[in-house]
Amino acid sequence: MPPQPGAVQVADHLERRIRKPVDLLRCVFTFIEIIVVAVAGVAASATTTGIETDIVGASKRLPHTLLVVAPAALTLFAILIIPVLLAVRELVRRQFQRLAEAVATGILAGLVAAVANVALQRAVAARLYDAIIMSRPGASHAAALDPYLAGLVAYATIIGLSGRPGWRNALWIAVGVYALVHLGVADTTGLSLLITLLLGRAIGLGVRYAAGSPSVRPSAEEIAAALTTPDRQVSRMARIRSASNNPKEPKTTKRAGSRHYAATTIDGSQLDVTVYDKDQQAAGAVYRLYRSLLLRGQVSRGAPMSTDRTVEHRALMSYATEDAGAPTPRLRAVVRVGLEASVLAFDHCFGTTLADRNPGCTDEELKAIWDAVNVLHTHRVTHRSLTADRILLTDGGQVMLLDPGDGDVAASDLQIRLDVAQLLAELALVVGPDRAADLALENAGPDELVAVVPLLQRVALARSTRAALRRRRDVLPALRKRLLAAVPGGEVAPARLERIRLRTLVTLVATIAGAYLLAGELARESLGHTLRAADWHWSAVALALSALTYVAATLSLSGFAPGRLSFFRTLLAQLAGSFVTLVTPAAVGGAALNIRYLQRRKLPAAVAAASVGVSQVVALVLHILMLVVFIALAGAANKQPFKPPTWIYFVLAGLVVAALGVLALPAGRRLLRARLAPTLGQVLPRLLEVAQQPRKLAEGIGGALLLSAAYILCLAACVQAFHGSVAFASIAVVYLTGSALGSIIPTPGGLGAVEAALTAGLVAAGLHGTEAASAVLLFRLLTFWLPVPFGWAALNYLERHEAL
């Protein structure tokens, strides 16, 4: 039976509870705030103590009645009556479930705060505990956090006080009075109150996101009513959750927005309706922020945070695309539905997306795609999301560019080239790199593609395209190779699109952490006192052994590199590596420097990399063999067996679990094979060549053995400089273990990790804690810090003489 005029047939299921991304975002940022406040409190304990003293002093100037009566009456009344009144309000409004969730969350937050109090009183958290309670005399067992206050904040967060300024102000006044009174009687501290409030809010936001919030989204009937005009009456609304398998259902490509509907009007026309609910306005905010920080300005596709700005931009791009003459579904309506949603309605186009058409695309269809994109670019408009599911081939043989809302108007040359690069990569995935390159050369020409090829990098492409290229790693290199064959010159350097690489960011964070650890060691052990206390005879021996390590590294590299290398310049290259490792992880910067040095000696890049790879593989094998031998010797020589510190076992167990996890997963094995296969393919042939030259092999292996031996002897000399008595085998085990850990930790020269591992190892070997710290400090001074200025001078010398 046909629908009656004015009636709307609805096929929809509106969610009762919604998870708001903004809650998760606020929860994450609140936990970050807790970490920042705690670190700041530890790092600036003297300053916070002074501020605390000022606050307490100011509170003591308040009227005596407020300080004496308030704790027993006013504070208790204010802090208890508000949650009770909020509970009554929820009961009157029949929000029983929300009230139960609020009470449960409040109890949970209180328990978390109580557990945190117990954990903070452990020795491992002593510095943080002292910073929170300001190390007040007689307060050694004071609670660092207030469980009731944390529970109250979590309780109020679940109930939700946004849009209710009266209740919110009353709560904060009560919390303020509570805090002021307890500060006045020295019952708590400002840092404790701040962390408590943040903890309660973080737990409340986390539970609210996990449990979801009651939905206030407009229904399909309300959306249909908003879209209905005198010229357009909506008669049917059907919710689309994914690609429909029903042939009677209109096929709709995936669009931005939180809900999607297929609408039918009374005259039979169909619309694709996209709803932007305000409860989803922060969706993907962390990812967009990450991309904005990672990539340069015009490369990242930033999106507005608010729903209103998003809808406005997408409407603008739709109108701009249509005005440019590019084929795209016409935008029919932009409407607001109540206070919680905005709606875009487009003409529905029947057809098949390029993703579904593969591999049946003809050259004419692919040329039509290029023509549509060229029309767009001629008018300085870009799409920026030219993925296979947003390119529609209609039943009439036309091409439609769907959802251009991520694009730009008044686009720059770089933005247009990035759009072309995206189209090239997507077509290469669909029809193959060779065919995609041939089409590009026909439609754009070699001269235009010269500027596009450097942008063919995964980081600059759409998210779905990057995911597909990770599964098909051969596509992008093949596309570049095919295009470069037609480009004049045949070689184009990739463009730098990133502001900072993720690896660089991780290294920077690890460096700061390592420097903090080193600063702590220097704070405990004065450098001047350490140097004065050291026996200068043994210190001179240690210095000579430290210098010997560079001779050993020179012999090792010369032995595994083909031909004859200048001993002096190779020695300077190893010394320059000491400066490079100041800003790069251990064994990474030095290897890159050696490869560059060998290339400047007229060795091909593959041979240079293989030579350095052989030296590293041989050094690793010898390192493991020496560690096994010295562990056996240490166990046989010592009456008391050598017992490493407990944390060493946890580190080793973690490494074993990580290795087993990688080997257990197919993706891990593929990644391991992809990383190791090229290296082994280069290293093994070079190793076989060296094995046929006994003199070179002896020089390389002898240099690697001498390098480890010199470091071990240097550490032993440093121990003797402070009159320590430790078996040589135990010292060797300590150094080899600490060096291995330093190579794993991504800090420059293993900064922080090596010091901690060596100190703990020497203490476990029987050395006094102060002597161990002093010996390690002297060892790192001679082998890491002292060579740095000489390495800088060597690096400059080699660069001036074009040896690097």
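Preceding this paragraph is the structure being described.
Below you will find a few notes about this structure. Computed from a predicted model, the values in this text were never measured in an experiment. (Residues numbered from 1 in each chain as written. Predicted model: local features only at pLDDT ≥ 70, side-chain atom pairs only at ≥ 80, totals over all residues. Heavy atoms only, no water.)

A word on helix α14 (residues 363-378). One turn of the α-helix equals 3.6 residues, which is why residues spaced by three or four share an orientation. With 16 residues, α14 should reach 22 Å at 1.5 Å per residue; the first-to-last C-alpha distance of 22 Å fits that figure. Those residues of α14 hidden inside the fold are in contact with α12 (307-323), α13 (354-357), β10 (391-394), β11 (399-401), α15 (413-431) and α16 (433-443). One or two steps after α14, the chain reaches Arg380, where phi turns positive at roughly 60 degrees. (Helix = DSSP H or I, 4+ residues; strand = E, 2+ residues; numbered from the N terminus. Expected span 1.5 Å × (residues − 1). Contact = heavy atoms within 4.5 Å.)

Now for the packing of aromatic side chains. For the coordinates displayed, the defined rule picks out 5 aromatic pairs. Geometrically, the ring pair formed by Tyr711 and Phe779 is edge-to-face, given 6.5 Å between the ring centres and 70 degrees between the ring planes. With Tyr711 in helix α28 (residues 694-721) and Phe779 in helix α31 (residues 769-785), this residue pair connects regions lying 68 residues apart in the sequence. Residues Tyr711 and Phe779 agree in their burial class; the two are buried. Cluster of aromatic residues (ring-pair linked, three or more members): Tyr711, Tyr735 and Phe779. In this structure, Arg19 packs its charged tip against the face of Tyr209, placed 5.9 Å from the ring centre. Against the face of Phe784 rests Arg780, its NZ or CZ located 4.7 Å from the ring centre. (Phe/Tyr/Trp six-rings, centres within 6.5 Å; stacked < 30°, edge-to-face > 60°. Buried < 20%, exposed > 50% of the residue type's maximum accessible area, 1.4 Å probe, protein only. Lys NZ or Arg CZ within 6 Å of the ring centre and 35° of its normal.)

Another aspect to go through is the nonpolar core. Counting residues in each nonpolar core, the largest one holds 54 residues, and the members touching the most others are Leu354, Trp370, Leu401, Leu423, Leu424, Leu479 and Leu483. Contributing elements (two or more residues each) for this core: α12, α14, β10, β11, α15, α16, α18 (463-471) and α19 (475-486). Per-element accounting of this core gives the leading share, 11 residues, to α15. Discounting chain neighbours no more than four positions away, the residues touching Leu424 are Trp370, Ala436, Ala440, Leu449, Val452, Leu456, Leu479 and Leu483. Grouped together as the second largest cluster of nonpolar side chains are 34 residues, Ala716, Ala717, Ala729 and Val734 included. (Core = buried A, V, L, I, M, F, W, Y, C linked by side-chain atoms within 4.5 Å.)

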